[in-house]
Amino acid sequence: MKVTIKDAIVFFKDAEAHPIIGSISYEKPVKPDTALIISDGSKTVITTIKQIRLAIFKRDNKFFGFILKEHACYIASRFSFWDKETAKYAGRKLHRCFADPVSN
């Protein structure tokens, strides 16, 4: 099953690589060598999920999502903190990736 996260900030493990703000697509089930397609509208990067240090995205209007160590988690606490911090970094608020809250 293909998963697309519409708007995220992606940080790479390689210190020389600049973070990308854009969409992420990958196929489930996720393994360390799962291909990850990251697009910012002007360029597309294809890497593996094990090359990602952290990806942050706004799941909906209640939760932020994080991809860390090949796993995804969702956090409701401190939503306004993450909304402000990601807006500072991206220069705008992240768009929500899913219209309705997803049950955990």
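The coordinates are above.
Bear in mind the structure is a predicted one, so any value in this text is a computation, not a measurement. (Residues numbered from 1 in each chain as written. Predicted model: local features only at pLDDT ≥ 70, side-chain atom pairs only at ≥ 80, totals over all residues. Heavy atoms only, no water.)

(A) Region of interest: the pairing of strand β6 (residues 64-68). Where burial is concerned, most of β6 is hidden: four out of the five residues are buried. Summarising the sheet, strand β5 (residues 52-58) and β6 pair through four bridges and their orientation is antiparallel. The partner of Ile 56 across the bridge, within β6, is Phe 66. Count of turn residues in the β5/β6 antiparallel hairpin: five residues. Relative to strand β7 (residues 71-75), β6 runs antiparallel, the two sharing five bridges. (Buried < 20%, exposed > 50% of the residue type's maximum accessible area, 1.4 Å probe, protein only. Helix = DSSP H or I, 4+ residues; strand = E, 2+ residues; numbered from the N terminus. Pairing = 2+ DSSP bridges.)

(B) Quick peek at the packing of aromatic side chains. Scanning all chains against the criterion turns up five aromatic pairs. With centroids separated by 6.2 Å and ring planes inclined at 85°, the aromatic side chains of Phe 57 and Tyr 74 adopt a geometry described as edge-to-face. In this pair, Phe 57 sits in strand β5 while Tyr 74 sits in strand β7, placing the two residues 17 residues apart along the sequence. A relative accessible area of 34% means that Tyr 74 is categorised as partly exposed. Pairwise contacts between aromatic rings join Phe 66, Phe 81 and Trp 82 into one cluster. Just above the ring of Tyr 74 sits the side chain of Arg 59; from NZ or CZ to the centre is 4.5 Å. Here the guanidinium or amino end of Arg 78 rests over the ring plane of Phe 81, the centre of that ring lying 4.1 Å away. (Phe/Tyr/Trp six-rings, centres within 6.5 Å; stacked < 30°, edge-to-face > 60°. Lys NZ or Arg CZ within 6 Å of the ring centre and 35° of its normal.)

(C) Here's a closer look at the environment of Pro 29. By the secondary structure assignment, Pro 29 is in the loop between β2 (20-27) and β3 (35-39). Its relative accessible area of 61% is what places Pro 29 among the exposed residues. It is 13 Å that separates the C-alpha atoms of Pro 29 and Thr 4, two residues lying 25 residues apart in sequence.

(D) Just the nonpolar core, in detail. Within the largest apolar cluster, 16 residues are counted, with the highest numbers of intra-cluster contacts made by Ile 5, Val 10 and Ile 24. Secondary structure elements with two or more residues in this core: β1 (2-12), β2, β3 and β5. Here this core gets five residues from one element, more than from any other, and that element is β1. With residues near it in sequence (within four places) discarded, Val 10 still touches Pro 19, Ile 20, Ile 24, Ile 38, Ile 52, Leu 54 and Ala 55. The next biggest cluster of nonpolar side chains, apart from the first, holds seven residues, and it includes Ile 56, Phe 64, Phe 79 and Leu 94. (Core = buried A, V, L, I, M, F, W, Y, C linked by side-chain atoms within 4.5 Å. Contact = heavy atoms within 4.5 Å.)

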